[in-house]
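# Understanding the architecture of this molecule
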Amino acid sequence: MRTYASSKGSRGKGLGLGLAVGSAIAFGGSGVAAKPLIEAGLDPLHVVWLRVTGAALVMLPLAWRHRALLRSRPALLAGFGLLGVAGVQAFYFAAISRIPVGVALLVEYLAPALVLGWVRFVQRRPVTRAAAVGVVLAVGGLACVVEVWAGLGFDAVGLLLALAAACCQVGYFVLSDQGSDSGDEAPDPLGVIAYGLLLGAVVLTAVSRPWGMDWSVLAHTAGMNGTEVPAWLLLAWIVLLATVVAYVTGVVSVRRLSPQVAGVVACLEAVIATVLAWVLLGEHLSAPQIVGGAVVLLGAFIAQSSAPAKNSSEPIAGGSPERQLSARGTAT
């Protein structure tokens, strides 16, 4: 009996690990699929609106199933919708319209370090020494990614937009920490994701004004490093794979793995995005940038896997907002 249970548990963890890797691959491909649409003539905000609204429609049955969340967790839904969905995606897509996909995502991975900075200097709660080391590594690695010795050869506005995406992640982490110790009353993460997408779609509709979008772009092709791909196929990739499948597999993987393990696997997202951008978009990074990216991910890994200091309840930063939400909503 014990052998059977152990074998079943191993299979469950193996499946969870596979789902976590699949989620990282799906999330990592969002920028690669979005950038050709932006270069074909769509505004970055319009691409974000198409992504979020399409995914919200697919997730609508889950929103109806968890409609009680509107009364029990309005602040969490608002935080996820405004910051974790609308803010992060809008700033990230705007950033990749000006700088390479891999660089934009690596800048986003400053979020774990920024969260720890919030905990230490704003909330005045202690953090572990290892977490502080992770912050230093992440910042140092980012300096290599943007090649500060070359006088910021990258588009400064693009870097600021990517940093704004990281700050939106921080805001979400801080908001979602409220009520994270609810135990059995913790909100179902799939329901929160569904409502976050719906609220994000409403906000983005007001901001992006999609009625002025050049819809004809979706009827043509977009170039991916010299290869023409149907625009509607790229949109389907963004909505179904990079959003719906990515979110759902991420949540299910955390149910089978510990939040820390899932968060560490999430760091693969930046690696996958960089490799896909290299292969499909021809966005090559220099050797110092590759080394710097590895250091950023190492810093994020340390910040994610470091336990909070004793008698402290600060959030453990790591991965993207949906993964942080999944960890809190499913951890036992």
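Residues numbered from 1 in each chain as written. Predicted model: local features only at pLDDT ≥ 70, side-chain atom pairs only at ≥ 80, totals over all residues. Heavy atoms only, no water.

### As for the packing of aromatic side chains
- Taken as a whole and assessed by the stated rule, the structure comprises four aromatic pairs.
- Relative to Tyr-247, the ring of Phe-80 has its centre 6.5 Å away and its plane inclined at 85 degrees; by these criteria the two rings are edge-to-face. Residue Phe-80 is found in helix α6 (residues 74–96), and its partner Tyr-247 is found in helix α12 (residues 231–256); the two are separated by 167 residues along the sequence.
- Taken together, the aromatic side chains of Phe-27, Phe-80 and Tyr-247 make up a single cluster linked through ring pairs.
- Over the ring of Trp-64 we find Arg-67, and its NZ or CZ is 4.2 Å from the ring centre. (Phe/Tyr/Trp six-rings, centres within 6.5 Å; stacked < 30°, edge-to-face > 60°. Helix = DSSP H or I, 4+ residues; strand = E, 2+ residues; numbered from the N terminus. Lys NZ or Arg CZ within 6 Å of the ring centre and 35° of its normal.)

### Focus: the environment of Gly-18
- For Gly-18, the position within the fold is in helix α1 (residues 2–28).
- Relative accessible area serves as the criterion here: at 43%, Gly-18 is assigned to the partly exposed category.
- The sequence separation of Gly-18 and Thr-249 amounts to 231 residues, and the corresponding C-alpha distance is 9.3 Å. (Buried < 20%, exposed > 50% of the residue type's maximum accessible area, 1.4 Å probe, protein only.)

### A few points about the packing of helix α2 (residues 30–39) against helix α14 (residues 268–281)
- Between α2 and α14, the shortest axis-to-axis distance is 8 Å and the interhelical angle comes to 40 degrees. By the angle between their directions, the pair α2 and α14 is classed as oblique. Facing Val-32, Lys-35 and Pro-36 of α2, the residues of α14 in contact are Ala-273, Leu-276, Ala-277, Leu-280 and Leu-281.
- Residues of the contact of α2 with α14, tallied by class, amount to seven nonpolar, no polar and one charged. (Axes fitted to C-alpha atoms, helices over the stretch in contact; angles between N-to-C directions. Parallel < 35°, antiparallel > 145°, perpendicular 65-115°, else oblique. Contact = heavy atoms within 4.5 Å. Nonpolar A, V, L, I, M, F, W, Y, C, P; charged D, E, K, R; others polar.)

### Quick look at the layout of surface pockets
- One number sums up the size of the second largest pocket: a volume of about 180 Å³.
- Around the second largest pocket, the lining residues are Leu-106, Ala-270, Val-271, Thr-274, Val-275, Trp-278, Leu-285, Gln-289, Ile-290, Gly-293, Ala-294 and Leu-297.
- Of all the secondary-structure elements, those providing two or more residues to the lining of the second largest pocket are α14 and α15 (287–305). (1 Å grid on protein atoms, 1.4 Å probe; cavity = no way out; pocket = protein on both sides within 12 Å on 5 of 7 lines; lining within 4 Å. Points joined across faces, edges and corners; volume = space filled by probe spheres on them.)

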